[in-house]
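Architecture and fold: a report
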Amino acid sequence: MSKKKKEKITYIDDGRTIADMSNVSGGHDWLKKGTTSSFKDIWRTYWSATRMMLKPTLVAVGFLLAAFAIIALIFWLIP
């Protein structure tokens, strides 16, 4: 038994930023099948994620409002 050498793959940069994927078959089968989760489970997941991000969102919005108020006061007091 003789071992066959693996063919060395040579990649050539043709300067394109996006590869041509038109001949690729297959894809994500799970996108076509849908989900087995119930609406209740989906809603619970969505609401827990929303609730988890509510405080950081309010802090960020508060910071932006405070920065806007400070800049507005500076330009309003100094005409």
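Reference entry: report on the structure contained in this document. Every value quoted in this text rests on a predicted model; they were computed, and no experiment measured them.

Cut-off values and rules
- Residues numbered from 1 in each chain as written.
- Predicted model: local features only at pLDDT ≥ 70, side-chain atom pairs only at ≥ 80, totals over all residues.
- Heavy atoms only, no water.
- Helix = DSSP H or I, 4+ residues; strand = E, 2+ residues; numbered from the N terminus.
- Buried < 20%, exposed > 50% of the residue type's maximum accessible area, 1.4 Å probe, protein only.
- Areas by Shrake-Rupley, 256 points an atom, 1.4 Å probe, with all protein chains shown as cover.
- Salt bridge = Lys/Arg side-chain N within 4 Å of Asp/Glu carboxyl O.
- Phe/Tyr/Trp six-rings, centres within 6.5 Å; stacked < 30°, edge-to-face > 60°.

Concerning the overall build of the chain
- Counting secondary structure elements, the chain contains two helices and zero strands.
- Evaluated residue by residue, the chain yields a buried proportion of 0% over its 79 residues.
- For the chain, the accessible surface area stands at approximately 8900 Å², while carbon and sulfur atoms represent 67% of it.

Structural notes on the pattern of salt bridges
- Applying the stated rule across the entire model yields one salt bridge.
- Asp-41 serves as the salt-bridge partner of Arg-44, at 3.5 Å between the closest nitrogen and oxygen. Of the two residues, Arg-44 and Asp-41 both sit in helix H2 (residues 39–77), three residues apart, roughly one turn of that helix.
- Asp-41 sits in the partly exposed class, given a relative accessible area of 35%.

Details of the packing of aromatic side chains
- Using the criterion set out here, one finds one aromatic pair in the structure.
- Centre to centre, the rings of Trp-43 and Tyr-46 are 5.4 Å apart; their planes meet at 40°, and the pair counts as tilted. One end of the pair, Trp-43, and the other, Tyr-46, are both in helix H2, three residues apart, so they sit about a helical turn from each other.
- Taking the relative accessible area as the measure of exposure, Trp-43 reaches 47% and is therefore partly exposed.

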